[in-house]
Amino acid sequence: MEERKYLATWNRYLPVIRLHLKKSLTEEQSFKLNITDFESAGSRGKSGYTFNLALENGKVSNNISGSAVARDLYEALKSDEAIKMLLQNKSVKISVGKSFVLSIKTSHISAYK
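Some thoughts on the overall build of the chain
No. 1: Helix and strand counts for the chain come out as four helices and five strands.
No. 2: Rg of the C-alpha trace for the chain: 14 Å, near the compact-globule value of 13 Å for 113 residues, within the 12% margin.
No. 3: Overall, the C-alpha framework of the chain stretches about 45 × 25 × 25 Å when taken along its three principal axes.
No. 4: Here the chain holds 113 residues, and 41% of them are scored as buried.

Laid out in structure tokens, this is it:
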């Protein structure tokens, strides 16, 4: 298994992701990714680049083991101090669908669990 082949690509997107993460506190955010950035990093063939990444308080809360694209995004997110602060006490869902649009939906984690 090739490790971290999408990490450099995600690192280039971090400033945009950071901005959209901040804005996602008030409304769901989405923006189009450049598919050629990811195809040049590694071909996903028929499986594509779609994934769902659920974060609770900055930690992954769903299974992303089958998606190198999602795993590398998580690695990039947790290496950015500003993003780590934005993820604290939040439930964040990041997804990429077949149309190659990245969506970010954020909600606060309730203190009453």
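Picking up where we left off.
Comments concerning the pattern of salt bridges
No. 1: Evaluation of the coordinates by the stated rule reveals five salt bridges.
No. 2: Measuring nitrogen to oxygen at the nearest pair gives 2.8 Å for the salt bridge that ties Arg-4 to Asp-72. Here Arg-4 is found in the segment before helix H1 (7–23), whereas its partner Asp-72 is found in helix H3 (residues 68–78), with 68 residues between them in sequence.
No. 3: Take Arg-4: its relative accessible area is 33%, and that puts it in the partly exposed class.
No. 4: Residue Asp-72 is classed as buried on the basis of its relative accessible area of 2%.
No. 5: Residue Lys-84 pairs with Glu-81 through a salt bridge whose shortest N-O separation is 3.1 Å. One end of the pair is Lys-84 and the other is Glu-81, both in helix H4 (residues 81–87) and three residues apart, which spans about a single turn.
No. 6: Exposure remark for Lys-84: the relative accessible area of 32% places this residue in the partly exposed category.

A few points about the pairing of strand E2 (residues 51–56)
No. 1: The pairing of E2 with strand E4 (residues 90–96) spans six bridges and is classified as antiparallel. From the neighbouring strand, Glu-56 faces E4, where its bridge partner is Ser-91.
No. 2: Pairing geometry for E2 and strand E3 (residues 59–60), over two bridges, is antiparallel. Within E3, the position partnered with Leu-55 by the bridge is Val-60.
No. 3: The turn joining E2 and E3, which pair antiparallel and follow one another in sequence, is formed by two residues; a positive phi near 60 degrees is taken by Asn-57.

Here we look at the sheet that holds strand E5 (residues 101–108)
No. 1: Strands sit in the order E1-E5-E4-E2-E3 across an open sheet of five strands; the sheet is antiparallel. In the strand order of this sheet, the two ends are held by strand E1 (29–32) and E3, each with one partner.
No. 2: For E4 and E5, the ladder comprises seven bridges, and the chain directions are antiparallel. By the bridge assignment for E5, Lys-93 is matched with Lys-105.
No. 3: The strands touched by H1 within the sheet are E1, E2, E4 and E5, with E1 carrying the most contacts at an inclination of about 150 degrees.

As for the nonpolar core
Soluble globular proteins tend to pack their nonpolar side chains together in the buried interior.
No. 1: Core analysis: the biggest nonpolar cluster contains 30 residues, and Trp-10, Ile-17, Leu-33, Phe-38, Leu-53, Leu-77 and Ile-94 have the highest contact counts within it.
No. 2: Ranked by residues supplied to this core, first place goes to H3 with seven residues.
No. 3: Those residues in contact with Leu-53, other than ones at most four positions away along the chain, are Val-60, Asn-62, Ile-64, Ala-70, Leu-73, Tyr-74, Leu-77, Val-92, Lys-93 and Ile-94.

Rules and cut-offs
Residues numbered from 1 in each chain as written. Predicted model: local features only at pLDDT ≥ 70, side-chain atom pairs only at ≥ 80, totals over all residues. Heavy atoms only, no water. Helix = DSSP H or I, 4+ residues; strand = E, 2+ residues; numbered from the N terminus. Rg over C-alpha atoms; globule rule 2.2 N^0.38 Å. Buried < 20%, exposed > 50% of the residue type's maximum accessible area, 1.4 Å probe, protein only. Salt bridge = Lys/Arg side-chain N within 4 Å of Asp/Glu carboxyl O. Pairing = 2+ DSSP bridges. Contact = heavy atoms within 4.5 Å. Axes fitted to C-alpha atoms, helices over the stretch in contact; angles between N-to-C directions. Core = buried A, V, L, I, M, F, W, Y, C linked by side-chain atoms within 4.5 Å.

None of the figures reported here should be taken as evidence of function without further support.
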